[in-house]
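Next come the chains, spelled out residue by residue.
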Amino acid sequence: MGGPLLWPADEPWPTCETFHKGEVTTEGVRLRRRILAQAWGRTRRGQSLLLNEQEQADLERADATPTDEDNAEANPMPLMALAQLYARDVPGLICPERMDLLQVLWCPHDHDEHDLCLPAVHLRWRRASDVTTILADQPEPAVVEYDDYVPEPCMLHPEVVTEYQYVELLPQDLRKRIEEWEQAAGHDYRSELSLTLGWRVGGFASWSLSGPQPMVCECGRDMKPLLTIDTCEWESPYGGSRRPVEEPDHPTGEFESLAQPNMPTEIVISRGYALYVFTCPDSFDHPLRFTMQ
């Protein structure tokens with residue numbers, strides 16, 4: 001997550017040609033996160049977060065609004081590295097022929113595309129063995145619209161999870177049986193069994209905001225979820241049925257950790273939703289479609 005990418009040294013880094021005015025600098029976002037992480041790390045459990053004078057001054061600098069000159073120099077804007085997935089690590093990742101690597105980038109500014117006001121996602125497929133010399137100095141945007149669009153660099157540890165179709169897309173008789181099971185067992189199909197939270201490859205899409213919507217390619221084929229870019233990895237910071245067993249289910253030790261351990265990527269989609277990327281099952285060359293739920 002968050003780069004660097006296996007990017008060929010002789011291949012230009014992609015840019016967004018649309019002029020964007022940034023509200024905060026990328027350097028400022030990363031500085032703010034470092035300061036707060038250090039402060040939380042020395043804050044005893046139950047105490048308020050305390051910052052020293054130098055940290056307070058650095059936070060003011062981190063939050064400074066970019067100047068017109070900063071914004072002018074930032075355009076055209078290099079795309080931001082978001083994620084890199086190897087087919088060998090992600091069993092559900094279906095790649096184009098002879099490809100084994102998916103690279104995900106986006107422009108960290110809202111775009112009015114696909115009837116959504118969200119960052120514009122770009123995908124690159126590669127065969128990893130073709131990249132012999134890697135681009136050492138990989139650019140990133142100097143300014144961004146929101147700090148929520150800057151990924152925190154971290155490692156992925158994929159696991160295979162079985163999902164089941166969104167409840168409103170199931171046959172009516174099956175939905176009735178599920179409702180009876182929920183009442184008898186005291187469980188919830190949608191949140192506990194059907195769909196997981198977190199960044200995902202494949203699986204099913206949630207339609208909790210809009211209700212089920214047809215995702216049809218220009219060729220007429222029904223499209224399938226390729227990638228889910230989510231805000232949270234599990235329900236609440238320290239609990240929930242989808243929390244990986246490797247993660248603690250409650251704060252441990254004398255000192256606080258980061259405020260939101262279930263948000264390691266620091267990415268927030270709108271007010272805490274997920275961005276779904278759909279692809280055509282017939283051709284990777286067909287345009288992608290997106291939804292936010």
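Everything in this summary refers to the structure shown in the same document.

Each value, and the rule that gives it
Residues numbered from 1 in each chain as written. Predicted model: local features only at pLDDT ≥ 70, side-chain atom pairs only at ≥ 80, totals over all residues. Heavy atoms only, no water. 1 Å grid on protein atoms, 1.4 Å probe; cavity = no way out; pocket = protein on both sides within 12 Å on 5 of 7 lines; lining within 4 Å. Points joined across faces, edges and corners; volume = space filled by probe spheres on them. Helix = DSSP H or I, 4+ residues; strand = E, 2+ residues; numbered from the N terminus. Nonpolar A, V, L, I, M, F, W, Y, C, P; charged D, E, K, R; others polar. Pairing = 2+ DSSP bridges. Contact = heavy atoms within 4.5 Å. Buried < 20%, exposed > 50% of the residue type's maximum accessible area, 1.4 Å probe, protein only. Salt bridge = Lys/Arg side-chain N within 4 Å of Asp/Glu carboxyl O. Polar contact = N/O pair within 3.5 Å; in protein donor to acceptor, adjacent residues only side chain to side chain.

We now examine the layout of surface pockets. Volume-wise, the largest pocket comes out at about 1,200 Å³. Residue lining of the largest pocket: 37 residues in total, with His-157, Pro-158, Glu-159, Trp-199 and Glu-233 positioned closest to the centre. At the level of secondary structure, the elements contributing two or more residues to the lining of the largest pocket comprise β4 (80-86) and β8 (200-201). Across the lining of the largest pocket, the residue classes tally to 20 nonpolar, eight polar and nine charged.

The sheet built from four strands is open, its strands ordered β8-β9-β10-β11 with antiparallel pairing. For this open sheet the edge positions go to β8 and β11 (289-292), each flanked by a neighbour on one side alone. Pairing analysis gives six bridges linking strand β9 (residues 224-230) to strand β10 (residues 274-279), with the strands arranged antiparallel. Note that in β10 the partner of Ile-229 across the bridge is Leu-275.

With that settled, the discussion passes to the environment of Lys-21. Relative to the helices and strands, Lys-21 is located in the loop between β1 (15-16) and β2 (24-25). Separated by 254 residues in the primary sequence, Lys-21 and Leu-275 have C-alpha atoms spaced 23 Å apart. Not counting residues within four places of it along the chain, the set of residues in contact with Lys-21 comprises Asp-68, Asn-71 and His-109.

The omega torsion of the bond from Gly-3 to Pro-4 falls at 0°, within 30 degrees of zero and hence cis. Within the secondary structure, Pro-4 sits in the segment before β1. With a phi close to 70°, Arg-98 is a non-glycine residue in the positive phi region. Mapped onto the elements, Arg-98 comes out in the loop between β4 and β5 (101-113). Relative accessible area serves as the criterion here: at 54%, Arg-98 is assigned to the exposed category. The backbone phi angle of Glu-266 is positive, close to 65°, even though this residue is not glycine. With respect to the helices, strands and loops of the structure, Glu-266 is situated in the loop between β9 and β10. Relative accessible area serves as the criterion here: at 28%, Glu-266 is assigned to the partly exposed category.

The next point concerns the pattern of salt bridges. Considering all chains together, one arrives at eleven salt bridges under this definition. For Asp-130, the salt bridge identified is with Arg-127, shortest N-O distance 2.9 Å. Residue Asp-130 is classed as partly exposed on the basis of its relative accessible area, which comes to 47%. Between Asp-282 and Arg-221 there is a salt bridge, and its shortest N-O distance comes to 2.6 Å. Of this pair, Asp-282 sits in the loop between β10 and β11 while Arg-221 is found in the loop between β8 and β9, placing the two residues 61 residues apart along the sequence.

One can find Ser-194 in helix α5 (residues 189-194). Exposure remark for Ser-194: the relative accessible area of 0% places this residue in the buried category. For Ser-194, the side chain forms a polar contact with the main-chain oxygen of Gln-165, separated by 3.3 Å. Apart from the residues lying within four places of it in its own chain, the contact partners of Ser-194 are Glu-163, Tyr-164, Gln-165, Tyr-166, Tyr-189 and Arg-242.

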